[in-house]
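Spelled out from the first residue to the last, the chains are:
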Amino acid sequence: MTRFVKSPKEVASGLLLIVLAAFFAWQAMELPMGRAIRMGPGYFPMILAGLLAFLGLVVLLSGLTVPADPDDNGIRFRNWPWQALALVTLAVVIFGLGIRPLGLGPSMGLAVFISALASQRFHIVTGLISAAVMVAFSWAVFIKGLGLPLPMLGPWLGGY
């Protein structure tokens with residue numbers, strides 16, 4: 001007779017994602033939803049909560065059907081990529097703190113380049129190209145496409 005739960009970690013992860021999705025959906029219920037043609041402020045968070053719940057269900061079901069790796073003895077903090085985790089976190093913090101004084105372009109470029117440093121296969125040319133592409137894409141989508149009043153250069157760099 002086989003066990004009903006094949007991978008307890010995946011089942012726990014799926015349940016956690018579903019609980020988080022339920023919490024976010026509960027918080028979004030306070031906001032007006034609107035309709036698909038004219039979305040309210042609660043529409044997008046509710047869609048994201050639904051997607052998170054769906055992914056949680058997929059992870060949960062895979063934990064019930066796919067056997068766990070026998071070599072996996074649980075979480076080992078020694079093997080975590082701490083440097084990559086720190087670099088990605090630093091990139092998000094730099095973007096958040098730099099968007100007003102530096103503007104969208106430099107803060108986005110720095111964030112993308114610093115997060116590219118987290119890769120084990122990092123090359124400076126690829127990092128610079130990725131940063132330039134993301135800056136151009138952000139300008140096209142947020143400033144030109146959506147018309148958001150975001151300056152490309154902030155006051156520290158002579159913008160406004």
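Everything numeric in this text was worked out from a predicted model, so none of it was measured.

Rules behind the numbers
Along each chain, residue indices are assigned from 1 in the same order as the chain's sequence is written. Where local features are concerned, this predicted model is filtered to residues with pLDDT of at least 70; where side-chain atom pairs are given and counted, the filter is 80 or more; whole-chain, interface and lining totals use all residues. Where side-chain values are given, they derive from all heavy atoms of the structure, hydrogens and water being excluded. What counts as a helix is a DSSP run of H or I of at least four residues, what counts as a strand is a run of E of at least two, and both are numbered from the N terminus. To get the radius of gyration, use the C-alpha atoms; to get the globule rule, take the number of residues to the power 0.38 and multiply by 2.2 Å. Exposure categories follow from relative accessible area, calculated using a 1.4 Å probe and restricted to protein chains: below 20% of the type maximum is buried, above 50% is exposed, and the middle band is partly exposed. Contact definition: two residues touch when any of their heavy atoms are within 4.5 Å. What sets the accessible areas is the Shrake-Rupley method with a 1.4 Å probe; for residues, cover comes only from the shown protein chains. Positive charges are assigned to Lys and Arg, negative charges to Asp and Glu, while His and the chain termini are left out of the count. Charge positions are represented by NZ for Lys, CZ for Arg, CG for Asp and CD for Glu. UniProt positions are given in the numbering used here, feature names are shortened, and annotations may be inferred rather than shown by experiment. Only Phe, Tyr and Trp rings take part, Trp by its six-membered ring, and two of them pair if their centres are within 6.5 Å. Stacked means planes under 30 degrees apart, edge-to-face means over 60, and tilted covers everything else.

Novice: Explain the overall build of the chain to me, please; I cannot follow it from the model alone.
Specialist: A tally of regular secondary structure across the chain gives five helices and zero strands. In summary, the chain has a C-alpha radius of gyration of 21 Å against a globular reference of 15 Å for 160 residues, an excess of more than 25%. Across its three principal directions, the C-alpha atoms of the chain cover 70 × 45 × 20 Å. Burial statistics for the chain: of 160 residues in total, 22% are counted as buried. For the chain, the proportion of contacts with a sequence separation of at least 24, taken over those separated by at least 6, is 60%. About 11700 Å² of surface is accessible on the chain, with carbon and sulfur atoms providing 73% of the total. Side-chain charges of the chain comprise 10 positive and 5 negative groups, with the mean position of each set lying 13 Å from the other.

Novice: I'm lost on the UniProt feature "transmembrane region" (unreviewed entry) in the chain in this one. Help?
Specialist: Within this structure's numbering, the places UniProt gives as "transmembrane region" (unreviewed entry) are residues 12-31, 43-64, 84-103 and 124-143. For residues 84-103, the end-to-end C-alpha separation is 25 Å, with 95% helix and 0% strand making up the annotated structure. Taken end to end, residues 124-143 is 100% helix and 0% strand, and its two terminal C-alpha atoms sit 27 Å from one another.

Novice: Would you mind showing me how to read the packing of aromatic side chains here?
Specialist: Geometry of an aromatic ring pair is reported as the spacing of the ring centres plus the angle between the planes. Counting across every chain of the model gives three aromatic pairs. A ring pair is formed by Phe 23 and Trp 26, whose centres lie 5.9 Å apart and whose planes are at 50°; its orientation type is tilted. Here Phe 23 and its partner Trp 26 are both found in helix H1 (residues 8-28), three residues apart, which amounts to about one turn of the helix. Classification of Phe 23 as partly exposed rests on a relative accessible area of 40%.

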